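Single-letter residue listing:
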Amino acid sequence: MERPENPNDVFDPMPDESPVRPVADTPSADQRAQAMAEARKNLLAGVLWCAGGLAFSFITYYFTSAGGRYVVATGAIIWGAVQAVRGLAVMLKIYYGEGRFSAFWRTAAIAVCSLAALVYLGQLSVRMLGGEDVQLIETEQRYACDSLGLRFRVPAGYTALETSGEPETETTYAHYNISTYNQDIGINIEGVIGFLDPQEIESAADLAEYCTNRDSVYYNAGIIAPTQQVEIGGRQMLNSEGRTKENPGLIYSVFDLVHGNTLVTVSFCYEEKSYGKPHTRQRIEKLLSGIELY
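Quantities reported herein were computed from a predicted structural model and do not represent experimental measurements. (Residues numbered from 1 in each chain as written. Predicted model: local features only at pLDDT ≥ 70, side-chain atom pairs only at ≥ 80, totals over all residues. Heavy atoms only, no water.)

A.B. asks: An account of the overall build of the protein is needed here, citing residue identities and associated values.
C.D. replies: The helix and strand inventory of the protein stands at five helices and ten strands. Among the 294 residues that make up the protein, the fraction classed as buried is 32%. In the protein, the share of contacts with a sequence separation of at least 24, taken over all contacts with a separation of at least 6, comes to 52%. Per element, the accessible surface of the protein, about 19,100 Å² overall, is 56% carbon and sulfur. (Helix = DSSP H or I, 4+ residues; strand = E, 2+ residues; numbered from the N terminus. Buried < 20%, exposed > 50% of the residue type's maximum accessible area, 1.4 Å probe, protein only. Contact = heavy atoms within 4.5 Å. Areas by Shrake-Rupley, 256 points an atom, 1.4 Å probe, with all protein chains shown as cover.)

Written out as structure tokens, the structure is:
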């Protein structure tokens, strides 16, 4: 027997139990443009802070006198580097997400080159911060060598004087050395007793041939200024300048003085960038004036 049809018996479909897919959270074009503008702003600000900190550090270092204090703007350099990296990371992410691979790789290449330059400048900063652990004396130093009949006075801002000496033997002359240096210049004084014959060598001019022959061997990377007679502080001496293969990038300036039967040779060395500058010559003449022969 069939059940009578019920007009209220309506079929209700089963609910769709499949999970609802979330709408992808894709930034709009305006959002990407805003993020790119912010990234470029961070990158530019970071580069300016980093470059400004390095420039300030190098300027204060360059204009500081020997032994003086200078400032390394570590905070500005580090903060600027962090900001620049943040901005760069966002830019690369946007370029990659938009499929702009040409811009992505171009920006990445520029970043690598900039990083290499930053590492190089960072190494210079470490050197400025005292990576070589050079201890400079804050007061004037005085030294006297009676065997040479020489006194030496060096101003503040140089390392402690290092001295050595060897007595005369059957095959060598007695000789003595005094040396010191700082970040800008090094000085070595050598006296060889009995090397000169007072009857043949009466003045510095008589040493010209010997110095010329010696310099042709000593300056094995080239002579800048050949041996010539100069007068500094009323004292006659010979001077020459050149380079050596052993220490490329340094300039050597050698002065020879006659003191009885003793040959006194004073050698200076400094970075090539300082060659020909007035303050370099002034520093050398000041150090030479600190040498007294008695």
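A.B. asks: So what's going on with the sheet that holds strand 1 (residues 141-145)? Residues and values would help.
C.D. replies: Reading across from one edge, 1-2-10 is the order of the three strands in this open sheet, with antiparallel pairing throughout. With partners counted over all chains shown, the strands left at the sheet margins are strand 1 and strand 10 (291-293), one partner each. Going across the sheet, the axis of each strand differs from the next one's by a mean of 15 degrees, ignoring polarity. Both strand 1 and strand 2 (residues 150-154) contribute to a ladder of five bridges, which runs antiparallel. Residue pairing across strands places Arg142 opposite Arg153, the latter belonging to strand 2. (Pairing = 2+ DSSP bridges. Axes fitted to C-alpha atoms, helices over the stretch in contact; angles between N-to-C directions.)

A.B. asks: So what's going on with the pattern of salt bridges? Which residues, and what values?
C.D. replies: Tallied over the entire structure, the rule returns nine salt bridges. With a shortest N-O distance of 3.1 Å, Arg142 and Glu140 are connected by a salt bridge. Between Glu140 and Arg153 there is a salt bridge; the shortest N-O distance is 3.6 Å. Linking Glu140 in the loop between helix 3 (101-128) and strand 1 with Arg153 in strand 2, this pair joins segments that are 13 residues apart in sequence. On the basis of relative accessible area, Glu140 is assigned to the partly exposed category, the value being 40%. (Salt bridge = Lys/Arg side-chain N within 4 Å of Asp/Glu carboxyl O.)

A.B. asks: Could you give an account of the nonpolar core, naming the residues involved and the relevant values?
C.D. replies: Core analysis: the biggest nonpolar cluster contains 26 residues, and Leu150, Phe152, Ile189, Phe255, Val266, Phe268 and Leu288 have the highest contact counts within it. Sort the elements by how many residues they give to this core and strand 9 (residues 262-271) lands first, with four residues. When near neighbours in sequence (up to four residues on either side) are disregarded, Ile189 contacts Leu150, Phe152, Tyr176, Asn177, Ile178, Val264, Thr265, Val266 and Ile291. Counting ten residues, the second largest nonpolar core, distinct from the first, contains Met91, Leu92, Phe104 and Ala108. (Core = buried A, V, L, I, M, F, W, Y, C linked by side-chain atoms within 4.5 Å.)

A.B. asks: I'd like a description of the environment of Ile284, backed by residues and values.
C.D. replies: Mapped onto the elements of the fold, Ile284 is located in helix 5 (residues 278-289). Of the residues examined, Ile284 reaches a relative accessible area of 1% and is grouped as buried. Spatially, the C-alpha atom of Ile284 lies 9.0 Å from that of Ile187, the residues being 97 residues apart in sequence. When near neighbours in sequence (up to four residues on either side) are disregarded, Ile284 contacts Ile185, Ser253, Phe255, Phe268 and Tyr270.

A.B. asks: Explain helix 4 (residues 208-218) residue by residue, including any values.
C.D. replies: Residues Cys211, Arg214 and Asp215 constitute the buried set of helix 4. Projected down its long axis, helix 4 shows its buried positions confined to an angular sector of 100 degrees, all on one face. Of the exposed residues in helix 4, those oriented more than 90 degrees away from the buried face are Glu209 and Val217. Tucked into the core, helix 4 has its buried residues touching strand 6 (223-232), strand 7 (235-242), strand 8 (250-259) and strand 9. (Arc of directions from axis to C-beta.)

A.B. asks: Any details on the pairing of strand 6? Residues and values, ideally.
C.D. replies: Here strand 6 pairs with strand 7 via seven bridges, running antiparallel. For Ala225, the partnering residue across the bridge sits in strand 7 and is Glu241. What sits between strand 6 and strand 7 in their antiparallel hairpin is a turn of two residues, with Gly233 showing a positive phi close to 65 degrees.

A.B. asks: Could you give an account of the packing of aromatic side chains, naming the residues involved and the relevant values?
C.D. replies: Here the structure, examined in full by the defined rule, presents five aromatic pairs. Measuring from centroid to centroid gives 6.0 Å for Tyr218 and Tyr252, while their planes differ by 80 degrees, and the two rings are edge-to-face. Taken as a pair, Tyr218 in helix 4 and Tyr252 in strand 8 lie far apart in primary sequence, 34 residues in all. Classification of Tyr218 as partly exposed rests on a relative accessible area of 33%. Assessed through its relative accessible area of 11%, Tyr252 is described here as buried. A connected cluster of aromatic rings, assembled from ring pairs, spans Tyr173, Phe195 and Tyr210. One residue, Arg151, lies across the ring of Tyr294, its end atom 3.9 Å from the ring centre. (Phe/Tyr/Trp six-rings, centres within 6.5 Å; stacked < 30°, edge-to-face > 60°. Lys NZ or Arg CZ within 6 Å of the ring centre and 35° of its normal.)

A.B. asks: Give a detailed account of the pairing of strand 7, specifying residues and quantitative values.
C.D. replies: When you tally the buried positions in strand 7, you get six out of eight residues, the bulk of the element. As defined by bridge partners, strand 7 adjoins strand 8 across five bridges and the pair is classed as antiparallel. Looking at the pairing, Leu238 lines up with Asp256 of strand 8.

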